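Examining the three-dimensional arrangement
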Protein chains: 4
Amino acid sequence: MRIGILCSGGDAPGMNPVIRSVVRSASSLGHEVVGIRRGFRGLIAGDFMNLSSRDVGGILDRGGTIILSSREERFKSLEFRETAYRNIERAGIEAMIVLGGEGTFKGAQIIAEESGLPVIGVPCTIDNDIGCTEYCIGYDTALRNAVDAIDKIRDTASSHERIFVVEVMGRNRGFIAVEAGLATGAELILVPEEKFPKERIPEEIIKAKEMGKLHFIIVMAEGYGKAEELKQFLFESVGNRYGEIRATVLGHLQRGGSPTHTDRIMGMKFGEVAVEALLSGERKGFVAYKRGKFYIEDFQRAGEPKEIDWEALRLSRRLNL
Amino acid sequence: MRIGILCSGGDAPGMNPVIRSVVRSASSLGHEVVGIRRGFRGLIAGDFMNLSSRDVGGILDRGGTIILSSREERFKSLEFRETAYRNIERAGIEAMIVLGGEGTFKGAQIIAEESGLPVIGVPCTIDNDIGCTEYCIGYDTALRNAVDAIDKIRDTASSHERIFVVEVMGRNRGFIAVEAGLATGAELILVPEEKFPKERIPEEIIKAKEMGKLHFIIVMAEGYGKAEELKQFLFESVGNRYGEIRATVLGHLQRGGSPTHTDRIMGMKFGEVAVEALLSGERKGFVAYKRGKFYIEDFQRAGEPKEIDWEALRLSRRLNL
Amino acid sequence: MRIGILCSGGDAPGMNPVIRSVVRSASSLGHEVVGIRRGFRGLIAGDFMNLSSRDVGGILDRGGTIILSSREERFKSLEFRETAYRNIERAGIEAMIVLGGEGTFKGAQIIAEESGLPVIGVPCTIDNDIGCTEYCIGYDTALRNAVDAIDKIRDTASSHERIFVVEVMGRNRGFIAVEAGLATGAELILVPEEKFPKERIPEEIIKAKEMGKLHFIIVMAEGYGKAEELKQFLFESVGNRYGEIRATVLGHLQRGGSPTHTDRIMGMKFGEVAVEALLSGERKGFVAYKRGKFYIEDFQRAGEPKEIDWEALRLSRRLNL
Amino acid sequence: MRIGILCSGGDAPGMNPVIRSVVRSASSLGHEVVGIRRGFRGLIAGDFMNLSSRDVGGILDRGGTIILSSREERFKSLEFRETAYRNIERAGIEAMIVLGGEGTFKGAQIIAEESGLPVIGVPCTIDNDIGCTEYCIGYDTALRNAVDAIDKIRDTASSHERIFVVEVMGRNRGFIAVEAGLATGAELILVPEEKFPKERIPEEIIKAKEMGKLHFIIVMAEGYGKAEELKQFLFESVGNRYGEIRATVLGHLQRGGSPTHTDRIMGMKFGEVAVEALLSGERKGFVAYKRGKFYIEDFQRAGEPKEIDWEALRLSRRLNL
């Protein structure tokens, strides 16, 4: 079998381990892998490269993705998709593995349905917000990056007894905020899932200061609000009475860096499961991980809501303040 | 309630987050915590210190344990244990939380049975080898440390096209070896659980060199053998024909460093569960984690065999060579 | 002699090694050290703490400053300074060591002149912009932090073939921008010292893309401009033709983290020199480092312009594009 | 001009930045670079590869060397050297840049003298022990690695109140030992340059314990002795009275990892200077760095003794105990 592989949407650390695993699993079983560069854009452009076991040597510890990624709006148009299908056929690609998030999986499903090609998705997003799977590749590394950065910010926050608003990634879900906040002992965690009234924040600050805390760190998911706006609001509420207020947006550094052992290992497992699903005749769906097991889930269930660790959020309120 | 807490045996990164969680969970519910310094040795010596919520500020990201640990043989003698019980009574300690591994839990069980004091264990060991619980505090950080070190060794192994034997911790179980080996793309993983015949290693080396691999890294659990001895054996078998052979023992650096977010978060959860178990009337047992849930397990089951991730070992053979 | 020590202005990683060195150098020679909390604010408030050799154990690898820092406007008023002098006298402080930047040294000079107390400054600022000294404590760690963050950003920039504007610290001087930019292979470095016309940036981007570069990373000192504004300007000039444009501000994480070996060692040396200067009768000035030697420099020379490494900037243009 | 480049002897982090700089500096001035794989071994084998500016993209942050290194005894034989010279001529190589230490420079000098080819050396060794140059590529990264590892070991040493012997690299010189020891607050530093009598170590341990130190860390250069032997000696002298004694050899991990900003920047500067030296007609010698300036030094002076930072050693005795 000749398997095409692509990455689409936001890159996630751990995509390279997945690619390596797909190539070597397929290769060890006598199959071939073709890398499609820049996701759906490369499908339309016919930008393909053969990937041998040697080509994926030395990428296990590399962030990003060696086959590049992109967001490609043109794939929504049937005309461009038909070009893509012709390219797939011409390249002799008989099945596909796509790495990405919910939006990517929508494209994957359309390919499977329109072209009849078997297509398996691998959930990759640092936001960890794909439904039905307990883990999405990239999340653990993003958490490490956020925790490293917040640990550093705490040093300066303590020395100056400041209030810090740290905005982390998570547009719809507060996964990074909750776990990075708990892990760094953040005094307050704000997530889009919970409508914590910002009017209550000043009293939390006062409480912490009365307890003798030198700093007050708020870890906020971008889905809750903008760091600069919350800083402004706090300044208008309490001024500098309880310490100067600073805002910082961690931004894209959360996406990079060498994948953690968890993202490497999970990436390798997800990749092998994807190959084996194709070989065992699966037609479409994404690899999901639940209670220690991998299975193939319907593409449309990727959009189902996924709950943050509410217990962690509750625990943070008990321990960190 | 007045709760005593101690660490015993090998220290594990994440013990401080457990201590912080125990102190703050107890404190938030109106209870007190007394730190017992140096484990059972401190029990015998009556070396106690009160721990307030403030005392455990700033320790979340610190390796080791602020209340120190030790291995104390004297606790096997009833005479010394009776001294310990008197100290416990004198200090008004009404229940205990002990952090450590299987040996520690044996001591904990004896205390519970002889003194009638409720005692709850928290599984802490970088070897991850305590029965019945999927996770032991310290393991994730030890893995990070091993992976960081092996990534570095691979740089020099590649540049010189060498064969490296890297000995990692794991006396009875190969947990670190398997996962660190898989995560670093080690060409061979050797664990005590599997009697991989060392006579077969030379052919593995030859196979890898024929595939064009620049280096050959063997990650070996200390329970399988000694790095220097395996190096010697390999030298006698293949000489320097396939690259110079080097041996390195990662050693104690695996135990240190700032705990990863996983060890911090798990440590905080384990700590709270331990406190709540005492408050709900549990008399003895250790906190176990299985399929996303925490519960109290019998102390003697800590010694039950725990399986390494055999799938990971198999996967490593498929992908890394 | 009883020596007071304080930190003022922005904190810098390496202040703790300086404090430890001052305390232990003084102590080993039979003198005492008093920590003044929160800089000049603590002088006014009389917020002092004795610092013994044991008190500064375990702080060598800690970011920030254990005696806290602040910016205190009230010290510009004679009334508050006189309160400070009374506090100094009452506490039996006979000499002072102050850690900070140019602004801090102005305060130090006033103390020396008004009170007659010997005062020695230690140059601490991540911006590395104090005149006459080749090194300022905190700079090496800030560089490490910036380089780590930009390395991560490059992973995602490459995967998406994006243009990134990364704003680093440096209000008046481009030290961090030049060295972090060179070290990360940034395609363009923008510093306040050089009026690189932003109108020329689009042609640089085009040139890089024609050379086959996947990404284009601009490392910009905050003294050159705002990341968001440059992103906007670039978007208006070239749109997304050469890749999507992103802006990120590294912010306060540059200040934190465990000091590098360079900041620890230099911190220890600076600290000892400060103590010995006081003991040898120096009345005022700051410790400067030039060509491998330490000496005491006039406070007012701290404000003299200090040149960035223009050779590094030139080299970056040759190698990174 | 067509320039050959090779690495020989122990690899050093920062070799890749040197290679990148040589290739891009030469290329920007209209010259070509040929990579010689595996050092002198590749010269003999004629194992060459063209290196374009694109070929050295993405290697700035990579440890090791992309053109590989080796120790090659055959180069001592004229017969093999003549093969090498024929290969050089056949490949049209007109000048050479060699990266390595003293031994490598001896080979370089012979090439220059026998073949008449201009040859410039770049000092690369983590031991930092090449005469006449204040800096050798790889040293800063090796220090970072050693300090990171010792910081981790200190966590467990403190928790168990142990005595640790940590052996670091440095066969003839104690550079890493002195600076890593000072930077980590090691209680004792042992270097080959100073005959610190091991009989005096027990009293140092006792002194530290009396001062209330929890641990006692000895950082020892391999040139002073073997960790295991010192551990044995100490055990025979003081037993476990002052804490259990442990020995650890940091080993090859010191050589790996992403080069620090210092090694990247210095590597780039050294590389450019080497190219410019060839272009300006230099016939032989190595790039040396002294007091902020680069110049070409005679090959034979590489073997001159180079002094460790005795001031740092003295300071460590004052501050760390």
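Residues numbered from 1 in each chain as written. Chains lettered and ligands numbered in written order. Predicted model: local features only at pLDDT ≥ 70, side-chain atom pairs only at ≥ 80, totals over all residues. Heavy atoms only, no water.

**With respect to the overall build of chain A**
Just so we agree on the cut-off: To qualify as a helix, a DSSP run of H or I must reach at least 4 residues; to qualify as a strand, a run of E must reach at least 2; elements of each kind are numbered from the N terminus. C-alpha atoms define the radius of gyration in this analysis, and the globule rule sets the expected value at 2.2 Å times the number of residues to the power 0.38. In this description, contact between two residues means that some pair of their heavy atoms is separated by no more than 4.5 Å. Residue exposure ignores everything except the shown protein chains as possible cover, and the areas themselves are Shrake-Rupley values with a 1.4 Å probe.
On a plain count of helices and strands, chain A comes out with 10 helices and 11 strands. For chain A, whose C-alpha radius of gyration is 22 Å, the value lies close to the compact-globule estimate of 20 Å for 321 residues. Structurally, chain A occupies a C-alpha span of about 70 × 35 × 30 Å along its principal axes. Sequence separation of at least 24 residues holds for 76% of the intrachain contacts in chain A that already meet a minimum separation of 6. When the accessible area of chain A is evaluated, it comes to approximately 10900 Å², of which 47% is carbon and sulfur surface.

**Topic: the interface of chain B and chain D**
For the record, the criterion: A pair is scored as a salt bridge if a Lys or Arg side-chain nitrogen falls within 4 Å of a carboxyl oxygen belonging to Asp or Glu. Nonpolar residues are Ala, Val, Leu, Ile, Met, Phe, Trp, Tyr, Cys and Pro. Charged residues are Asp, Glu, Lys and Arg, and all others, Gly as well, are polar.
Facing the 35 residues of chain B at the interface are 35 residues of chain D. With a shortest N-O distance of 2.4 Å, Glu161(D) and Arg38(B) are connected by a salt bridge. Contributions of two or more residues to the side of chain B that touches chain D are made by α5 (139–160) and β9 (245–249) of chain B. The leading source of residues in the side of chain B that touches chain D is α5(B), at 10 residues. Its residues placed into classes, the side of chain B that touches chain D shows 8 nonpolar, 17 polar and 10 charged.

**As for the sheet that holds strand β11 (residues 293–297) of chain B**
Backbone hydrogen bonds hold the strands of a sheet together, and the pairing may be parallel or antiparallel. Residues and elements named next belong to chain B. Under the convention used in this document: Any two strands are treated as partners once DSSP identifies two or more bridges connecting them. To define axes, lines are fitted to C-alpha atoms, for helices over the stretch in contact only, and angles between the resulting N-to-C directions are given on a 0 to 180 degree scale.
Strand order in the open sheet formed by 7 strands is β3-β2-β1-β4-β5-β10-β11, and the pairing between neighbours is mixed. The sheet is open, and its two borders are formed by β3 (48–51) and β11, each paired with just one other strand. The average undirected angle you get between the axes of adjacent strands in this sheet is 25°. Pairing geometry for strand β1 (residues 2–7) and strand β2 (residues 32–36), over 4 bridges, is parallel. Bridge pairing in β2 places Ile5 opposite Gly35. Along the sheet, helix α4 (residues 102–115) contacts β4 (95–100), β5 (119–123) and β10 (284–290); its crossing angle with β4, the most-contacted strand, is approximately 165°.

**Structural notes on the side chain of Glu161(B)**
With respect to the helices and strands, Glu161(B) occurs in the loop between α5 and β6 (163–168). Excluding its chain neighbours within four sequence positions, the residues that come into contact with Glu161(B) are Lys209(B), Leu214(B), Tyr242(B), Gly243(B), Glu244(B), Arg38(D) and Leu68(D).

**Observations regarding the packing of aromatic side chains**
Worth spelling out the cut-off: Aromatic pairing here means that ring centres of Phe, Tyr or Trp (its six-membered ring) are within 6.5 Å. Orientation follows from the plane angle: under 30 degrees is stacked, over 60 is edge-to-face, and everything else is tilted. Burial classification: accessible surface area is computed with a 1.4 Å probe over protein chains only, and a residue below 20% of its type maximum counts as buried, one above 50% as exposed, and the rest as partly exposed.
Considering all chains together, one arrives at 28 aromatic pairs over all chains under this definition. Taking 5.1 Å as the distance between ring centres and 25° as the angle between the ring planes, the aromatic pair formed by Phe105(C) and Phe286(C) counts as stacked. Remark: Phe286(C) occurs in strand β10 (residues 284–290) and Phe105(C) occurs in helix α4 (residues 102–115); sequence separation between them is 181 residues. Each of the two residues, Phe105(C) as well as Phe286(C), counts as buried. Consider the rings of Phe40(D) and Phe75(D), whose centres lie 4.3 Å apart with planes at 15°: the pair is stacked. Linking Phe40(D) in helix α2 (residues 40–45) with Phe75(D) in the loop between β3 (48–51) and α3 (78–90), this pair joins segments that are 35 residues apart in sequence. With a relative accessible area of 5%, Phe40(D) lands in the buried category.

**Concerning the side chain of Arg81(D)**
Its place among the elements puts Arg81(D) in helix α3. For Arg81(D), the residues in contact, after removing those within four places along its chain, are Phe75(D), Lys76(D), Ile110(D) and Glu114(D).

**Details of the domain arrangement of chain A**
All names here are of chain A. To be explicit about the condition: Each domain span listed reflects an automatic or database assignment of domains. Two parts placed together each lose some accessible area under a 1.4 Å probe, and adding up what both lose gives the buried area. Pairing of N or O atoms within 3.5 Å defines a polar contact, subject to two protein rules: one partner must be a possible hydrogen donor and the other a possible acceptor, and residues neighboring in sequence count only if both atoms are side-chain atoms.
Taken domain by domain, chain A consists of domain 1 (2–138 + 259–303) and domain 2 (141–255). Listed by partner, the interface residues are 12 residues for domain 1 and 12 residues for domain 2. Carbon and sulfur atoms supply 51% of the area buried between domain 1 and domain 2, which totals about 980 Å² over both sides. For the pair domain 1 and domain 2, the number of links is 0 salt bridges. Put simply, domain 1 and domain 2 have 5 residue pairs in polar contact (both at pLDDT 80 or more) between them.

**Description of the relation of the copies chain B and chain A**
Put simply, the rule reads: Copy-to-copy alignment: least squares on C-alpha atoms, limited to residues at pLDDT 70 or above in both.
For the match of chain B to chain A, the screw axis carries a shift of 0.0 Å, the RMSD comes to 0.0 Å, and the turn is 180°. Read as a symmetry element, the transformation amounts to a two-fold axis. Relative to the rotation axis, the C-alpha of Arg291(B) is the closest in chain B, positioned 3.0 Å from it.

**Topic: the relation of the copies chain B and chain D**
Placing chain B over chain D gives an RMSD of 0.0 Å and needs a rotation angle of 180°, together with 0.0 Å of translation along the axis. Most of the interface of chain B is mirrored in chain D, where 100% of its interface residues again form contacts.

**Section: the interface of chain B and chain A**
With 39 residues of chain B at the interface, the matching set in chain A holds 39 residues. Interface area for chain B against chain A, summed over the two sides, is near 3200 Å², with a carbon-plus-sulfur share of 51%. Considering only the side of chain B, the residues that lose the most area to chain A are His261(B), Arg318(B) and Leu319(B), jointly responsible for 22% of the buried surface there. Our count for the contact surface shared by chain B and chain A stands at 12 salt bridges. A salt bridge links Arg318(A) to Glu276(B), with the nearest nitrogen and oxygen atoms 3.0 Å apart. Linking chain B to chain A there are 24 residue pairs in polar contact (both at pLDDT 80 or more). At the level of elements, α1 (15–28), α5, α6 (175–183), α9 (261–279) and α10 (310–319) of chain B are the ones that each hand at least two residues to the side of chain B that touches chain A.

**Some points on the UniProt feature "binding site: ATP" (unreviewed entry) in chain A**
Residues and elements named next belong to chain A. The cut-off we apply is this: UniProt positions are given in the numbering used here, feature names are shortened, and annotations may be inferred rather than shown by experiment.
With numbering aligned to this structure, UniProt lists the feature "binding site: ATP" (unreviewed entry) at Gly10, Arg71, Glu72, Gly101, Glu102, Gly103 and Thr104. A compact arrangement is adopted by the annotated residues: their sequence extent is 95 residues, whereas the largest C-alpha distance between any two is 14.1 Å. Following the sequence through the fold, Glu102 ends up in helix α4 (residues 102–115). Judged by its relative accessible area of 36%, Glu102 falls in the partly exposed class. Residues contacting Glu102, with those up to four places away along its chain left out, are Ile130, Ala302 and Gly303. The residue Gly103 is located in helix α4 in this model.

**Some words on the pairing of strand β8 (residues 216–221) of chain C**
Residue and element names in this part refer to chain C. Burial within β8 is extensive, with 6 of its 6 residues counted as buried. On β8, burial covers both faces: Phe216, Ile218 and Met220 on one face and Ile217, Val219 and Ala221 on the other are all buried. Two elements, strand β6 (residues 163–168) and β8, share 6 bridges in a ladder whose sense is parallel. The partner of Phe164 across the bridge, within β8, is Ile217. Bridge count for strand β7 (residues 188–190) against β8 is 3 bridges, and the pairing is parallel.

**Observations concerning the environment of Leu234(C)**
Residue and element names in this part refer to chain C. Of note, Leu234 is situated in helix α8 (residues 227–238). Spatially, the C-alpha atom of Leu234 lies 42 Å from that of Ile265, the residues being 31 residues apart in sequence. Residues in contact with Leu234, not counting those within four places in the same chain, are Ile163, Val165, Ile201, Pro202, Ile205, Ile218, Gly239 and Ile245.

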